[in-house]
Amino acid sequence: MNELIGGISGLGWVAAKALLLYLTAVFGFRLGERRTLAEMSAFDFIAAVAVGAIVGRVPNANTTSYLAGAATLITVLIAHRAVSKLRQFPSLALMFDHPPRVLISNGRIIEPQLRRSGLTRDDLYGVLRQHGVLDVKDVHLVIFEQRGKLSVIRRSDLHDSDPELVREIRVN
């Protein structure tokens, strides 16, 4: 029966380690940037999964102390913060983020970019319908953004556009 439910005496320490690691993670994310949880890039996702694994596993490990778990957790959070800062340099940002890709330009679907993005025409059509677009010819640009979302810019929106927003995006 002990194998099934475990010993009662160790549960207090498991709960204490879990609470301390949870509070350490909350404090660490609080010191970080809000973007960590708002929009997940690959490195944000890895940080979130790593934090979850640490907070979930260390309390149940008899051989791992809170301090060892906290050191691991803090190391992951510091590394995440460093990567966030390195992304501010355009040459280094390419190591961590995919560049935006133009999938439709002036009503024409750019098949190679669609394939590179891992999307099908049906995926693209679904997003266009969600944006109320009924004809591809009504679209000026569809941009596959760094975080995996699609931005749809209609031809009718061009008179109010800011060219700065699309200047750096390559069509090819």
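Residues numbered from 1 in each chain as written. Predicted model: local features only at pLDDT ≥ 70, side-chain atom pairs only at ≥ 80, totals over all residues. Heavy atoms only, no water.

**Re the overall build of the chain**
Scanning the chain from N- to C-terminus turns up 8 helices and 4 strands. Long-range contacts, defined as pairs at least 24 residues apart, comprise 56% of the intrachain contacts of the chain with a sequence gap of at least 6. Carbon and sulfur atoms form 61% of the exposed surface of the chain, whose accessible area is close to 11700 Å². (Helix = DSSP H or I, 4+ residues; strand = E, 2+ residues; numbered from the N terminus. Contact = heavy atoms within 4.5 Å. Areas by Shrake-Rupley, 256 points an atom, 1.4 Å probe, with all protein chains shown as cover.)

**Quick look at the nonpolar core**
If you look at the biggest cluster of nonpolar residues, it comprises 15 residues, and the most contacted ones within it are L103, I104, L124, L128, V142 and L150. Every element with two or more residues in this core is listed here: β1 (101–105), α8 (121–130), β3 (139–144) and β4 (150–154). With near-sequence residues (within four places) excluded, I104 lies in contact with I109, L124, L128, V136, V139, H140, L141 and V142. Listed in part, the 8 residues of the second largest apolar core include L21, I54, V55 and L77. (Core = buried A, V, L, I, M, F, W, Y, C linked by side-chain atoms within 4.5 Å. Buried < 20%, exposed > 50% of the residue type's maximum accessible area, 1.4 Å probe, protein only.)

**Structural notes on α8**
Of all the residues in α8, the buried ones are L124, G126, V127 and L128. Those residues of α8 that are buried are in contact with β1, β2 (108–109), α7 (111–116), β3 and β4. Just downstream of α8, G132 is the residue with a positive phi angle, here 80°.

**Details of the side chain of Q113**
Mapping Q113 onto the fold places it in helix α7. By relative accessible area, Q113 is classed as buried at 2%. A polar contact of 2.9 Å, which involves the side chain of Q113, links it to the side chain of R101. (Polar contact = N/O pair within 3.5 Å; in protein donor to acceptor, adjacent residues only side chain to side chain.)

**Some words on the pairing of β4**
In this structure, β3 lies alongside β4, joined through 5 bridges in antiparallel fashion. Looking across to β4, one finds that L141 is bridged to I153. Two successive antiparallel strands, β3 and β4, enclose a turn made up of 5 residues, where G148 displays a positive phi of approximately 95°. (Pairing = 2+ DSSP bridges.)

**A word on a nonpolar patch on the surface**
On the surface, L19, Y22, L23 and V26 cluster together into a nonpolar patch covering about 380 Å² of accessible area. Relative to the helices and strands, Y22 resides in helix α2 (residues 11–31). The class of Y22 is partly exposed, set by a relative accessible area of 49%. (Patch = residues over 30% accessible without salt bridge, like charges linked within 9 Å, V, L, I, M, F, W, Y side chains within 5 Å. Salt bridge = Lys/Arg side-chain N within 4 Å of Asp/Glu carboxyl O.)

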